[in-house]
Amino acid sequence: MIKREAGTQPTAPGMKTRRLIPDISVWLSRKHGEVNFFLTQLLTGFLLSNFVEKAILDGSSNCPVCTNDVEDVSHVLFSCPRFARIQQEMQQRSRTRLTKENLGTEMCSDEDTWDAVRTAARAIFKTLQQLWNEVSPPTARRRRRQRRR
């Protein structure tokens, strides 16, 4: 097992994932759960940071609804009112109250929780992708698709 360097910066590669999965041995020894595209995006924060960097027109990384909160994985998964229905469904399907501190551990210990988080991640990121498509400049592929209609 690789030990983390002392003084590792919070913005260093992998830090978002390390916060969600503090003990990698628990993750590796789990008996359930396939990692899909959306779960990977959740664990790495990649899609969300990409959305924030490219899609927010005013250059702010804050949530467009909760203007004082940074739009990060923790925010959209646990507190943003845009995703309240998805958050509620995720919490109801899991066996314990999920928080950013226990998410990785609870996912590894319970298959229902794993599925609940995976489903929530898919729903949230699909919504964010749709928003990104609405506010971003058209790509060559989208322009071709629009011309065919």
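This one's a predicted model, so the numbers in the text were calculated from it and none came from an experiment. (Residues numbered from 1 in each chain as written. Predicted model: local features only at pLDDT ≥ 70, side-chain atom pairs only at ≥ 80, totals over all residues. Heavy atoms only, no water.)

### Concerning the packing of aromatic side chains
Stated precisely, the cut-off is as follows: To pair, rings of Phe, Tyr and Trp, with the six-membered ring standing in for Trp, must have centres within 6.5 Å; the planes then decide the type, stacked if under 30 degrees apart, edge-to-face if over 60, and tilted in the middle. The numbering of helices and of strands both runs from the N terminus, where a helix is a DSSP run of H or I of at least 4 residues and a strand a run of E of at least 2. When a residue's accessible area, from a 1.4 Å probe over protein chains only, is under 20% of the maximum for its type it is buried; when over 50% it is exposed; and in between it is partly exposed. We count a charge as sitting over a ring when the NZ of a lysine or the CZ of an arginine lies within 6 Å of the ring centre and within 35 degrees of the ring normal.
Summed over the entire model, instances satisfying the criterion amount to two aromatic pairs. Measuring from ring centre to ring centre gives 5.1 Å for Trp27 and Trp114, while their planes differ by 35°; the resulting arrangement is tilted. A residue pair is termed long-range when its members are at least 10 positions apart, and Trp27 in helix α2 (residues 24-28) and Trp114 in helix α8 (residues 111-135) qualify at 87 residues. Across the pair, Trp114 and Trp27 agree in class, each one buried. Measuring from centroid to centroid gives 5.1 Å for Phe37 and Phe38, while their planes differ by 85°, and the two rings are edge-to-face. Relative accessible area serves as the criterion here: at 46%, Phe37 is assigned to the partly exposed category. Judged by relative accessible area, which is 12%, Phe38 ranks as buried. Across the ring face of Trp27, the terminal group of Arg30 is positioned such that the distance to the ring centre comes to 4.3 Å.

### What about the pattern of salt bridges?
Once the charged atoms of two side chains with opposite charge are near each other, the side chains can pair. In plain terms, the rule: The salt bridge criterion pairs a side-chain nitrogen of Lys or Arg with a carboxyl oxygen of Asp or Glu, the two atoms within 4 Å.
Summed over all chains, the structure comprises five salt bridges. Linking Asp110 and Arg95 is a salt bridge whose minimum nitrogen-to-oxygen distance equals 2.7 Å. With Asp110 in the loop between α7 (103-109) and α8 and Arg95 in the loop between α6 (84-93) and α7, the pair connects residues that are 15 residues apart, well separated along the chain. The class for Asp110 is buried, based on a relative accessible area of 11%. Asp115 is the salt-bridge partner of Arg118, the closest N and O atoms lying 3.2 Å from each other. With Arg118 and Asp115 both in helix α8 and three residues apart, this pair spans about one turn of that helix. Three or more residues are tied together by salt bridges with common partners; here these are Arg95, Asp110 and Asp112.

### Here's the deal with helix α3 (residues 37-44)
Put simply, the rule reads: Any N or O atom pair separated by 3.5 Å or less is treated as a polar contact, with the protein-specific requirement of one donor-capable and one acceptor-capable atom, and with residues adjacent in sequence counted only for side-chain atom pairs.
Where α3 is concerned, the buried positions are Phe38, Leu39, Gln41, Leu42 and Leu43. Capping of α3 at its N-terminal end is provided by Asn36; its side-chain oxygen lies 3.2 Å from the backbone amide nitrogen of Phe38.

### Looking at the confidence of the model for the protein
Operational definition: pLDDT is a per-residue confidence score from the predictor, ranging from 0 to 100. Two residues form a contact once any of their heavy atoms are found within 4.5 Å.
Model confidence for the protein is summarised by a mean pLDDT of 78, while 72% of its residues fall at 70 or above. Across the protein, α6 holds the top mean pLDDT of 96, while helix α4 (residues 46-55) sits lowest at 58. Ignoring residues within four places in sequence, the model shows residues 1-10, a span with pLDDT below 50, making ten contacts including any to other chains.

### Observations regarding the state of the cysteines
What counts is decided by this rule: By disulfide we mean two sulfur atoms from cysteines, separated by a distance within 2.5 Å.
Scanning the entire structure with this criterion turns up zero disulfides. Left without a disulfide partner, Cys66 is nearest to the cysteine sulfur of Cys63, which lies 4.0 Å away. Of the residues examined, Cys66 reaches a relative accessible area of 15% and is grouped as buried. This cysteine, Cys80, is not joined by any disulfide, and Cys63 carries the nearest cysteine sulfur, 3.7 Å off.

### So, the nonpolar core
Among soluble globular proteins, nonpolar side chains are generally buried collectively. Note the threshold: As used in this record, nonpolar core signifies buried Ala, Val, Leu, Ile, Met, Phe, Trp, Tyr and Cys residues forming a set joined through side-chain atoms within 4.5 Å.
Formed by 28 residues in total, the largest nonpolar core has its most connected members in Leu42, Leu103 and Val117. For this core, the secondary structure elements donating two or more residues are α3, α5 (73-78), α6, α7 and α8. A per-element tally of this core places α8 first, with eight residues. Here Val117 is in contact with Leu39, Leu42, Met90, Leu98, Leu103 and Met107, once residues within four sequence places are set aside.

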